[in-house]
Amino acid sequence: MTTDAQWVQLTDLPPVVCPCGLARRAFADRDEFPGTVHLTEISSDAREHYHTTHTEIYVVLECEEHAAIELDGTLHPVRPLSSVLIPPKVRHRAVGQMKVLIVCSPNFDPADEFFD
């Protein structure tokens, strides 16, 4: 039996600088999966941004005690294993240091990242 499963060790992927800190992105090359998975280490100075077509799901893996995710100017406290779905056009940023798993659909495209 053959499998098309693809295994990725997220911590082995090269990090790229993003407005939140450092992201390790996987599965952009899989046509049958319309999205990407990111392991992102968020710095305390994450920059507010939004996307016009991307929907993102954040799953908080680790965070500081008073960490939050800001959505359209409103702070929402988070703790490990909190999750939020962020639709297109919602301005967002993480406040405080945290490590998150982000599922982005469709595939992440840096051209769909906007700042006011």
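Coordinates for the structure precede this section.
These figures come from a predicted structure and were not determined experimentally.

Rules and cut-offs
Residues numbered from 1 in each chain as written. Predicted model: local features only at pLDDT ≥ 70, side-chain atom pairs only at ≥ 80, totals over all residues. Heavy atoms only, no water. Pairing = 2+ DSSP bridges. Helix = DSSP H or I, 4+ residues; strand = E, 2+ residues; numbered from the N terminus. Axes fitted to C-alpha atoms, helices over the stretch in contact; angles between N-to-C directions. Buried < 20%, exposed > 50% of the residue type's maximum accessible area, 1.4 Å probe, protein only. Contact = heavy atoms within 4.5 Å. Phe/Tyr/Trp six-rings, centres within 6.5 Å; stacked < 30°, edge-to-face > 60°. Lys NZ or Arg CZ within 6 Å of the ring centre and 35° of its normal.

Quick notes on the sheet that holds strand β7 (residues 83-86)
Okay, step 1: The antiparallel open sheet is built from six strands, whose spatial order is β1-β2-β3-β9-β4-β7. On the outer flanks of this sheet lie β1 (16-18) and β7, each paired with one strand and no other. Between one strand and the next, the sheet's axes are offset by a mean angle of 30°, whatever the strand orientation.
Okay, step 2: In the sheet, strand β2 (residues 21-26) pairs with strand β3 (residues 36-42) via six bridges, with the strands oriented antiparallel. When the sheet's bridge partners are listed, Leu22 is paired in β3 with Glu41.

Looking at the environment of Leu22
Okay, step 1: Tracing the chain through its elements places Leu22 in strand β2.
Okay, step 2: Its relative accessible area of 36% is what places Leu22 among the partly exposed residues.
Okay, step 3: Along the primary structure Leu22 and Asp116 are separated by 94 residues, whereas in three dimensions their C-alpha atoms are 21 Å apart.
Okay, step 4: Not counting chain neighbours up to four residues away, the residues in contact with Leu22 comprise Pro15, Val16, Val17, Leu39, Thr40 and Glu41.

Quick notes on the sheet that holds strand β6 (residues 74-77)
Okay, step 1: One open sheet holds the three strands; their spatial order is β6-β5-β8, and the pairing between them is antiparallel. The open sheet has two edge strands, β6 and β8 (92-95), and neither has a second partner. Each adjacent strand pair in this sheet contributes to an overall mean axis angle of 25°, direction not counted.
Okay, step 2: Examined bridge by bridge, strand β5 (residues 68-71) and β6 share four bridges and lie antiparallel to one another. The residue bridging Ala68 from the neighbouring strand is Pro77, located in β6.

Considerations on the packing of aromatic side chains
Okay, step 1: Counted according to the given criterion, the structure contains one aromatic pair.
Okay, step 2: The ring of Tyr50 carries the charged tip of Arg91 above its face, separated from the ring centre by 4.2 Å.

Comments concerning unusual backbone geometry
Outside of glycine, negative phi angles account for most residues, and trans bonds account for most peptide bonds.
Okay, step 1: With omega at -5°, the peptide bond leading from Ser105 into Pro106 counts as cis.
Okay, step 2: Secondary-structure assignment places Pro106 in the segment after β9 (98-105).
Okay, step 3: Phi at Phe27 is positive, roughly 75°, even though this residue is not glycine.
Okay, step 4: Exposure remark for Phe27: the relative accessible area of 22% places this residue in the partly exposed category.
Okay, step 5: The backbone phi angle of Asp72 is positive, close to 45°, even though this residue is not glycine.
Okay, step 6: Summarising the element assignment, Asp72 is placed in the loop between β5 and β6.

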